[in-house]
Amino acid sequence: MMENHMSNTSRWGIAAAGFLLQMALGAVYAWSVFRVPLAKQFHWSIEEVTLTFTISIFVLGVSAFFGGLWLNKRGPRVVALTGGFLYGLGVFLASFSANKLWWFYLSYGVIGGIGVGFSYIVPVAVLVKWFPDRRGLITGIAVGGFGAGALVTAPVATRLIQSVGVLQTFAYLGIAYLVITMATGYLMQNPPDGWKPAGWSPSPTQTTQRAAIDYTLNGALKTWQWWALWALLFLNTSAGISIISQESPMFQEIAKVSAVVAAGMVGIASIGNAVGRIFWAWISDAITRRWTFVTMFLLQVVLFWIMPSASSAAILTVLTFIILMCYGGGFGTMPAFTADYFGSKNVGPIYGLMLTAWGSASAFGPLLIAHLRQSSGSYASGLHVIACIMAISTLLPVLVSPPKPVAAKVAQMSRVAPATHSKRRAG
């Protein structure tokens, strides 16, 4: 009993460390504060500077998958510490980028992006194992830290840029990220095999919505449910990121506000990204993950449809805030959804590969709304098209269900068969 109590206490400490680790990593979302100072000082174009962020996010998505594979072999602490070191190092090395754009891409974009990807997957994979009783809430808190990182970093970085210059700011931030990620990454560890909270057992709803076995990555990819969850994350992310990519000009066009007012609206609405990661993940523990996605999709159908007619800046800000809550909710809920359907043991590589939906949506959503705005001359048609896409997408979470026991047996046999075969050959 004492051991269970100690484990119960330590899991909340690990959760707090995971949140702080994700906050440090989420500072990457504060990129926009560096864009103008870098362009002015080194006469780089906005496109050239922005490409650094694009590289970073793309590399993040790829390295999260490899981090998940490595995590299963070497454990979470090694992956978190390696990722934290590379992230801090990459940002620090960016301070030597004066008039060397290629160095900036390599340091902040590639080295830093690999670090973020490695570390990002660790708290998600670890905390679903420590909190089988609160999977949704705890993964929402973990990735909520990532969403909140920019809220802290943006004002701090802005002040540093004004006082010491943009390159020196990267040096200071790199050291700070290194200290925070190494300290919190060291605390990342899995619970003992078979561990569960004292006195807890799955509810009937949880039992019917969870896999009977722990799938391998190969086994999960053989089920249609993995591809369905990938599509859910892709569709939800595409909708939200289309708004994120166009917020300021869209606010100016629809609400007829100045660029300064639009910037304030962007700041307020962006809080929804962080809030939604925790809120919807918490809700999903009560109403199941699939019905959470149904609710988020139906909400977005209405919100995207009425957005073009929201001439009031306040109303438009509220609508965008809720849309970004749904955007964040997808990231908060999907790790628990993945663990429910495929087990928590291999959630690192299984969800890590699913994050490719993030990178794909980052290209599709912004390109779609930009093309429709360009061809129609207003945002109304683009927003209405996304509303229609969300309406059709609602069918997917309604239809999705956990892998059947037969599929689970096949997946388990595909894992056991090679070992059995090699024993026979040895005999």
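Here's what I pulled together on the structure shown here. (Residues numbered from 1 in each chain as written. Predicted model: local features only at pLDDT ≥ 70, side-chain atom pairs only at ≥ 80, totals over all residues. Heavy atoms only, no water.)

1. Side note on the side chain of Ser-242
Within the element layout of this structure, Ser-242 appears in helix α10 (residues 224–255). Using a relative accessible area of 0% as the deciding quantity, one classes Ser-242 as buried. When near neighbours in sequence (up to four residues on either side) are disregarded, Ser-242 contacts Phe-304, Gly-365, Pro-366, Ile-369 and Ile-386. (Helix = DSSP H or I, 4+ residues; strand = E, 2+ residues; numbered from the N terminus. Buried < 20%, exposed > 50% of the residue type's maximum accessible area, 1.4 Å probe, protein only. Contact = heavy atoms within 4.5 Å.)

2. Topic: the packing of helix α13 (residues 313–342) against helix α14 (residues 347–354)
The geometry of α13 relative to α14 is characterised by a closest axis approach of 10 Å and an angle of 130° between their N-to-C directions. Classified by the angle their axes make, α13 and α14 are oblique. α13 and α14 meet at a crossing whose hand is right-handed. Here Phe-331, Met-334, Pro-335, Thr-338, Ala-339 and Phe-342 of α13 come into contact with α14, specifically with Val-347, Ile-350, Tyr-351 and Met-354. Residue classes in the contact of α13 with α14 are distributed as nine nonpolar, one polar and no charged. (Axes fitted to C-alpha atoms, helices over the stretch in contact; angles between N-to-C directions. Parallel < 35°, antiparallel > 145°, perpendicular 65-115°, else oblique. Left-handed = near helix turned anticlockwise from the far one by under 90°. Nonpolar A, V, L, I, M, F, W, Y, C, P; charged D, E, K, R; others polar.)

3. Looking at the packing of aromatic side chains
Considering all chains together, one arrives at 27 aromatic pairs under this definition. Plain terms: the ring middles of Phe-293 and Phe-297 are 6.0 Å apart, the flat faces sit at 75° to each other, and that makes the pair edge-to-face. Note that Phe-293 and Phe-297 are positioned in helix α12 (residues 289–306) at a spacing of four residues, about one turn of the helix. Taking the relative accessible area as the measure of exposure, Phe-293 reaches 0% and is therefore buried. What makes Phe-297 buried here is its relative accessible area of 0%. Each residue in the set Phe-34, Phe-42, Trp-44, Phe-104, Tyr-108 and Phe-170 is aromatic and connected to the rest through ring pairs, giving one cluster. (Phe/Tyr/Trp six-rings, centres within 6.5 Å; stacked < 30°, edge-to-face > 60°.)

4. Remarks on the packing of α10 against helix α11 (residues 259–287)
Where α10 contacts α11, the axes come no closer than 9 Å and their chain directions differ by 125°. Relative to α11, α10 is oriented oblique. In the packing of α10 onto α11, the handedness of the crossing is right-handed. Here Glu-247, Ser-248, Phe-251 and Gln-252 of α10 lie close against α11, whose contacting residues are Ala-259, Ala-262, Met-265, Val-266 and Ala-269. Among the residues making up the contact of α10 with α11, the classes are represented as six nonpolar, two polar and one charged.

5. Describing the nonpolar core
If you look at the biggest cluster of nonpolar residues, it comprises 115 residues, and the most contacted ones within it are Phe-34, Leu-38, Phe-170, Leu-229, Met-334, Tyr-351 and Leu-383. At 15 residues, helix α5 (residues 101–130) tops the list of elements feeding residues into this core. Met-334 has contacts with Leu-229, Leu-232, Leu-233, Phe-293, Tyr-351 and Met-354, leaving out every residue within four places of it along the chain. (Core = buried A, V, L, I, M, F, W, Y, C linked by side-chain atoms within 4.5 Å.)

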